[in-house]
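# Chains, contacts and geometry: an overview
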Amino acid sequence: MGEERARTKYVLDEADMPRRWYNIVPDLPSPPPPPLHPGTGQPVGPEDLAPLFPVALIEQEVSGASYIDIPEEVLDVYRLWRPSPLFRAHRLERELGTPARIFYKYEGVSPVGSHKPNTAVPQAYYNAAEGVSRLTTETGAGQWGSALAFACAAFGLACEVWQVRASYDQKPYRKLMMETYGATVHPSPSELTASGRAILAESPGSPGSLGIAISEAVEMAAADPGARYALGSVLNHVLLHQTVIGEEALKQLAMAGETPDVLVGCTGGGSNFAGLAFPFLREKLAGRMSPVIRAVEPAACPSLTRGAYAYDFGDTAGLTPLLKMHTLGHGFVPDPIHAGGLRYHGMSPLLSHIYELGLIEAVAKPQSECFAAGVRFARAEGIIPAPEPTHALAAAIEEALRCKRTGEEKVILTALCGHAHLDLPAYGSYLAGAVTDLEPSAEQLSAALSDLPAPPVRG
Ligand SMILES: Cc1ncc(COP(=O)(O)O)c(C=O)c1O
């Protein structure tokens, strides 16, 4: 193979790091429906969000600008690991015997091992700049909590994390990592909040969920004027910050002389997927390329493929504004699958809207197929993927094997949004044959959806 054809890594210079985040909203045929105040049914205003978020992030949340400059202080921290590499998966392609060309954008090179610092760093920066002294948050996989703990250390903020019980028990090293950065970590549900106590009273052995942990972190932030809350996914400003992934990947694929035919990413709240996909969707909407863009979610928590598109709370206790999104119901507690970061009852409202517009597709995968893909990928490419992106890899491999049957030479791009160095017990379970496929029954889903808040009246 010639030198160029064998090229495996597409690496950008630091000078090529994106200096602006991309906001897809102005490029869409219609804007997403606004978040509503559950009491009045009116769109929430900045004053409703001010106890939870700094002004700069509230402005980004509703911004109509196509691009937002990344502050120098944020770029300085991004430089610790950005630009991240794009890899051509030559060895996986050979192992699969596919004519497809597979590329993966690897975010595991960040200090905490995932894409999450792309938004944790600006969130901590804007809070510090506005005089906030403490941030509270939830974490599912532990990746987001680690990212925020790291970002708070970078900008001198205190950080308090509610870690979903199932993940707290499965991943003791994530807790230690957060503590090393200076954060305080509680298992969720906890006795520290009214929301946590209510859950524990009803179900003392609750494995927790992202929805419950969000309630606890929001409750604590709202009670302390010096504190604010930070969310690791779902909201527009989080997706905005993650677009550095796709902007870099566009340049890197151009270095390879390629445009994608298929783009796949895993979706928990939607941020890594949107971060990769939105810049490509911009190009697609402008008629410059036409990739199929496919979200991959766990069969155990299928908000896009089996949820309702409705106004619902972002958390379990009902403390947040109502968000129009794909949801399984805010009371739905997903089974404790290993991909803790995908165990969220809802989906980003912006991504849900884009799905409703028919601009992206979605599929759901059972976790055993995902672990099989993760192991196959690790044995070919070396990197052991976090349980979350194994969902994207399962879909990428499925597409590559389809190409093997049809002979199509498609270009497949996927987001490898994190590594599994602190998730190895999950692989241990899989290798021991102890991973089971969990899927909510139709009855479970309709019971959870029957508890949706009444449609708000907008006068
Ligand atoms: C490695 C990893 N990937 C994916 C996700 C899912 O979140 P999102 O859909 O916002 O990217 C998480 C969430 O914790 C994660 O840690």
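Coordinates for the structure precede this section.
As a starting point, this report considers the structure included with it. (Residues numbered from 1 in each chain as written. Predicted model: local features only at pLDDT ≥ 70, side-chain atom pairs only at ≥ 80, totals over all residues. Heavy atoms only, no water.)

## Notes on unusual backbone geometry
How we decide: In this text, helices come from DSSP runs of H or I with a minimum length of four residues, and strands from runs of E with a minimum of two, each type numbered from the N-terminal end.
The omega torsion of the bond from Arg82 to Pro83 falls at -10°, within 30 degrees of zero and hence cis. Note that the residue after Ser188, namely Pro189, is joined by a cis bond; omega there is 10°. Mapped onto the elements of the fold, Pro189 is located in the loop between β8 (184-188) and α9 (194-202). The backbone of Val234 sits at a positive phi, close to 70°, despite the residue not being glycine. With respect to the helices and strands, the residue Val234 is situated in the loop between β9 (227-229) and α11 (236-255).

## Things to note about the pairing of strand β7 (residues 158-164)
Keep this limit in mind: Burial classification: accessible surface area is computed with a 1.4 Å probe over protein chains only, and a residue below 20% of its type maximum counts as buried, one above 50% as exposed, and the rest as partly exposed. Note on pairing: DSSP must find at least two bridges between two strands before they are called paired. Consider the strands pointing away from the viewer: the crossover is right-handed when the path from the first strand over the helix to the second runs clockwise.
Of all seven residues that make up β7, six are buried, and the element is covered over most of its length. Inspection of the sheet shows strand β6 (residues 134-139) paired to β7 by six bridges, in the parallel sense. Residue Glu138 lies in a different strand from β7, and its bridge partner there is Trp162. Taking the sense of rotation as the criterion, the β-α-β connection linking β6, helix α6 (residues 143-155) and β7 turns out right-handed. Where β7 lies against β8, five bridges are found, and the strand directions are parallel. By the bridge assignment for β8, Glu160 is matched with Thr184.

## Examining the site of the ligand
To keep things clear, this is the line we draw: Throughout this document, a residue counts as near a molecule or strand when at least one of its heavy atoms sits within 4 Å of that molecule or strand. For the purposes of these results, a polar contact is taken to be a pair of N or O atoms within 3.5 Å, where, inside protein, one atom must be able to donate a hydrogen and its partner to accept one; residues adjacent in sequence count only when each atom of the pair is a side-chain atom. Note on areas: Shrake-Rupley, 1.4 Å probe, and residue coverage restricted to the protein chains presented here. Each residue is assigned to one class: nonpolar for Ala, Val, Leu, Ile, Met, Phe, Trp, Tyr, Cys and Pro, charged for Asp, Glu, Lys and Arg, and polar for all the others, Gly among them.
Around the ligand sit 16 residues, and of these Ser233, Gly268, Gly270, Ser271 and Asn272 come closest. Ser233 is positioned such that a nitrogen or oxygen atom in its side chain is 2.5 Å from an oxygen atom of the ligand. One of the backbone nitrogen or oxygen atoms of Gly269 is found 3.1 Å away from an oxygen atom of the ligand. Within the complex, the protein chains bury 97% of what would otherwise be the 390 Å² of accessible surface of the ligand. Of the residues in the shell around the ligand, the class split is four nonpolar, ten polar and two charged.

## A few points about the packing of helix α15 (residues 367-381) against helix α16 (residues 389-406)
Here is the rule: Comment: axis = line fitted to C-alpha atoms, over the contacting stretch for helices; angle = value between 0 and 180 degrees taken between N-to-C directions. Angle categories are assigned with fixed cut-offs, so that under 35 degrees is roughly parallel, over 145 is roughly antiparallel, 65 to 115 is roughly perpendicular, and the rest are oblique. Note on contacts: a residue pair is in contact if any heavy atoms of the two residues lie within 4.5 Å.
Put simply, α15 and α16 touch, their axes get as near as 8 Å, and they point 80° apart. Comparing their axes, α16 and α15 come out roughly perpendicular. Contact with α15, carried on its side by Glu369, Cys370, Phe371, Ala373, Gly374, Arg376 and Phe377, involves Thr390, His391, Leu393, Ala394, Ile397 and Leu401 of α16 and no other residues of that element. Taken together, the residues of the contact of α15 with α16 break down into eight nonpolar, three polar and two charged.

## What to know about the packing of aromatic side chains
Selection criterion: Between 30 and 60 degrees the pair is tilted, below 30 it is stacked and above 60 it is edge-to-face, where a pair is any two Phe, Tyr or Trp rings, Trp via its six-membered ring, whose centres lie within 6.5 Å. Only lysine NZ and arginine CZ atoms are considered, and such an atom sits over a ring when it is within 6 Å of the ring centre and within 35 degrees of the ring normal.
For the coordinates displayed, the defined rule picks out 13 aromatic pairs. Clustering of aromatic rings is evident, with ring pairs tying together Tyr78, Trp81, Phe150 and Tyr181. Here the basic side chain of Arg20 rests over the ring of Tyr67, its NZ or CZ set 3.9 Å away from the ring centre. In this structure, Arg282 packs its charged tip against the face of Tyr22, placed 4.6 Å from the ring centre.

## So, the environment of Leu304
Within the secondary structure, Leu304 is located in helix α13 (residues 303-306). A residue is classified by how much of its surface remains accessible, and Leu304, at 3% relative accessible area, is buried. When the C-alpha atoms of Leu304 and Pro207 are compared, they prove to be 23 Å apart, with 97 residues separating the residues in sequence.

## Examining α6
What counts is decided by this rule: Under the convention used throughout, the expected extent of a helix is 1.5 Å for every residue step, that is, one less than its residue count.
Taking 1.5 Å as the rise per residue, α6 with 13 residues should run 18 Å; its terminal C-alpha atoms sit 19 Å apart, in good agreement. α6 sits mainly inside the fold: ten of its 13 residues count as buried. On its buried side, α6 packs onto α3 (72-78), α5 (117-129), β6, β7 and α8 (172-180).

## Here we look at the sheet that holds β6
Taking strand neighbours across the sheet as the criterion, the four strands line up as β8-β7-β6-β9 in an open arrangement whose pairing is parallel. The open sheet is flanked by β8 and β9, the only strands paired with a single partner. Across the sheet, the mean angle separating the axes of adjacent strands is 25° when strand polarity is ignored. Against the sheet, α6 touches β6 and β7, its axis set at about 165° to β6.

## Quick look at the sheet that holds strand β15 (residues 411-416)
The strand order across the open sheet built from seven strands is β1-β4-β5-β15-β10-β11-β14, with neighbouring strands paired in mixed fashion. The two strands at the open ends of the sheet, each matched to only one other strand, are β1 (9-10) and β14 (361-365). Both strand β5 (residues 101-106) and β15 contribute to a ladder of six bridges, which runs parallel. Bridge pairing in β15 links Ile102 to Ile412.

## A short note on the pattern of salt bridges
Spelled out, the test is: Salt bridges are counted wherever a side-chain nitrogen of Lys or Arg sits within 4 Å of a carboxyl oxygen of Asp or Glu.
Here the structure, examined in full by the defined rule, presents 25 salt bridges. Where Glu14 meets Arg79, a salt bridge forms, and the shortest distance between an N and an O atom there is 4.0 Å. You can see Glu14 sitting in the loop between β1 and β2 (20-22) and its partner Arg79 sitting in the loop between α3 and β4 (86-88), a full 65 residues away along the chain. Under the relative-accessibility criterion, Arg79 is labelled partly exposed at 25%. The residue Glu409 makes a salt bridge to Arg101 at a minimum N-O spacing of 3.7 Å. With Glu409 in the loop between α16 and β15 and Arg101 in strand β5, this residue pair connects regions lying 308 residues apart in the sequence. For Glu409, a relative accessible area of 54% gives the class exposed. We classify Arg101 as partly exposed; its relative accessible area is 21%.

## Structural notes on the environment of Gly41
Checked against the element boundaries, Gly41 lands in the loop between β2 and α1 (46-49). Between the C-alpha atoms of Gly41 and Leu322, which are 281 residues apart in sequence, the distance is 8.6 Å.

Functional significance is not addressed by these values, which are geometric in nature.
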